[in-house]
Amino acid sequence: MKPAAFRYHRAHDVSDAVGLLGELAAAGEDPKLIAGGQSLMPMMNFRLARPTALVDLGPLRRDPALNSFSHTDSGLTIGAMVTHRTVEVAALGPDFAVLSRAMRWVGHLPIRSRGTVAGSIVHGDATAEWCLLALLLDAVIVAEGPAGRREIPAGEMFHGFYSTAVEPDEVVTAVRFTRPAPRAALTEFARRHGDFAIVDAAVSLDAGPGDRAPLAGGRVVLGGVAPAPVRVPEAESLLTGGVPGPELFAACGEAAAAAIDPPDDAAGSGAYRRRLARTLVTKALGQAWEKGATR
């Protein structure tokens, strides 16, 4: 199929994009932003999305602030136009290396070379790797709109199926990851590599003072088990004070599976997704511990 008819506009900078969104909405249009187009265009081709106007952010790639990384005392900031592939090959340092490692799960190379970090997060797919990573690393999404700049914590970002806290007249300019996680991992299961995940899991471990010392805590985030990515406090509570190793990681996997109520759909039953969650959480925790030990 091909998309329904739409009007095409090209933004030259962030303020131009914000202005275009406002003008089009005031004229009764239903505008959408397009950056890499790797999420929106397939939905338009299947007519699952029918915007009456597109505002192309392509020229914004020339803005260094929107197409670069920066390390500060508050974490790692990634510009909105940075692609998945750029993150994949970047040297982000041990505290945020999980971002680069996770990119191999994002589609295929052509998709990673066009799709953008901010575009994936704003799209709000419950299984999108960037959405899980945003929750895992306490991301802050920076958006510009008619009222100025505002910051949206990842915990307030995802509202449900393809629904986020970004307003229709706002443009995301950056994503700031504020929680360093040298012991972190993301893994997932799909029918074929590059397909959308059926279930994915992102985890981090806060190590104690020694390799066998009790953990100080950790995070467990799941995608594909609810309308939005979710943290699983029932599994996280076991990590605090737990001794790292296969027994603890398996117990966390069991706790995660017991805590969720996934839907039945064409990709699998709720029971199937619970089994996947148990396996993936257990596996990811083991990988996270190994990555931290070998960094």
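Residues numbered from 1 in each chain as written. Predicted model: local features only at pLDDT ≥ 70, side-chain atom pairs only at ≥ 80, totals over all residues. Heavy atoms only, no water.

### Remarks on the overall build of the protein chain
Looking only at helices and strands, the protein chain has 10 helices and 14 strands in total. Taking 2.2 N^0.38 as the reference for a compact globule, 295 residues should give roughly 19 Å; the C-alpha atoms of the protein chain span a radius of gyration of 19 Å, in line with that estimate. With respect to the principal axes defined by its C-alpha atoms, the protein chain has extents near 60 × 45 × 35 Å. The proportion of buried residues among the 295 residues of the protein chain is 52%. When the accessible surface of the protein chain is totalled, it reaches about 13,200 Å², and 54% of it is carbon and sulfur. Of the charged side chains in the protein chain, 30 are positive and 32 negative, and the gap between their average positions amounts to 7 Å. (Helix = DSSP H or I, 4+ residues; strand = E, 2+ residues; numbered from the N terminus. Rg over C-alpha atoms; globule rule 2.2 N^0.38 Å. Buried < 20%, exposed > 50% of the residue type's maximum accessible area, 1.4 Å probe, protein only. Areas by Shrake-Rupley, 256 points an atom, 1.4 Å probe, with all protein chains shown as cover. Lys, Arg positive; Asp, Glu negative; His and termini not counted. Charge placed at Lys NZ, Arg CZ, Asp CG, Glu CD.)

### Things to note about the nonpolar core
Of all hydrophobic cores here, the largest spans 43 residues; its most connected members are Ile 78, Val 87, Leu 99, Ile 121, Trp 130, Leu 133 and Phe 177. Put simply, the parts of the chain that give this core at least two residues each are strand E5 (75-79), helix H4 (97-102), helix H6 (117-123), helix H7 (129-136), strand E6 (139-145), strand E10 (171-177) and strand E11 (184-189). Ranked by residue count, the leading element in this core is H7, at seven residues. Ignoring anything within four residues of it in the chain, the contact list for Leu 99 reads Leu 76, Ile 78, Val 87, Leu 92, Trp 130, Leu 133, Leu 137 and Phe 177. Among the nonpolar cores identified, the runner-up in size contains 28 residues, and Ala 235, Leu 248, Leu 276 and Ala 288 belong to it. (Core = buried A, V, L, I, M, F, W, Y, C linked by side-chain atoms within 4.5 Å. Contact = heavy atoms within 4.5 Å.)

### What about helix H9 (residues 246-259)?
When the terminal C-alpha atoms of H9 are compared, their 20 Å separation across 14 residues agrees well with the 20 Å that a helix rising 1.5 Å per residue should span. Turning to H9, its buried residues number three or more, namely Leu 248, Phe 249, Cys 252, Gly 253, Ala 255, Ala 256 and Ala 257. (Expected span 1.5 Å × (residues − 1).)

### Focus on the pattern of salt bridges
Inspection of every chain in the model, using the stated rule, returns 13 salt bridges. Where Asp 138 meets Arg 219, a salt bridge forms, and the shortest distance between an N and an O atom there is 2.9 Å. On the criterion of sequence distance, the pair formed by Asp 138 in the loop between H7 and E6 and Arg 219 in strand E13 (residues 217-223) is long-range, its members being 81 residues apart. Across the salt bridge formed by Glu 254 and Arg 278, the nearest N and O atoms sit 3.9 Å from each other. (Salt bridge = Lys/Arg side-chain N within 4 Å of Asp/Glu carboxyl O.)

### Here we look at unusual backbone geometry
One non-glycine residue, Asp 138, lies in the positive phi region at around 50°. Under the relative-accessibility criterion, Asp 138 is labelled partly exposed at 31%. Of note in the backbone geometry, Tyr 162 takes a positive phi value of approximately 50° without being a glycine. Tracing the sequence through the fold places Tyr 162 in the loop between strand E8 (158-160) and strand E9 (163-164).

### Some remarks on the pairing of strand E3 (residues 53-56)
Residues Ala 53 and Val 55 of E3 are buried on one face, and the alternating residues Leu 54 and Asp 56, pointing to the opposite face, are buried as well. With four bridges connecting them, strand E1 (residues 7-10) and E3 associate as parallel partners. Across the sheet, residue Tyr 8 finds its bridge partner in E3, namely Leu 54. Pairing of strand E2 (residues 31-34) with E3, which is carried by four bridges, proceeds in the parallel orientation. Its bridge partner being in E3, Lys 32 is matched across the sheet by Leu 54. At this point the chain moves from E2, through helix H2 (residues 40-45), to the parallel E3, and the crossover so formed is right-handed. (Pairing = 2+ DSSP bridges. Right-handed = clockwise from strand over helix to strand, strands pointing away.)

### What about the sheet that holds E13?
Here we have four strands laid out as an open sheet, ordered E11-E12-E13-E14, and antiparallel in their pairing. The sheet terminates laterally at E11 and strand E14 (230-231), the two strands that pair on one side only. Inspection of the sheet shows strand E12 (residues 199-206) paired to E13 by seven bridges, in the antiparallel sense. Of the residues in E13, the one forming a bridge with Leu 205 is Gly 218.

### A closer look at the side chain of Thr 173
Looking at where Thr 173 falls in the secondary structure, it is placed in strand E10. Aside from chain neighbours lying at most four places away, what touches Thr 173 is Val 14, Leu 66, Gly 79, Ala 80, Val 142 and Glu 144.

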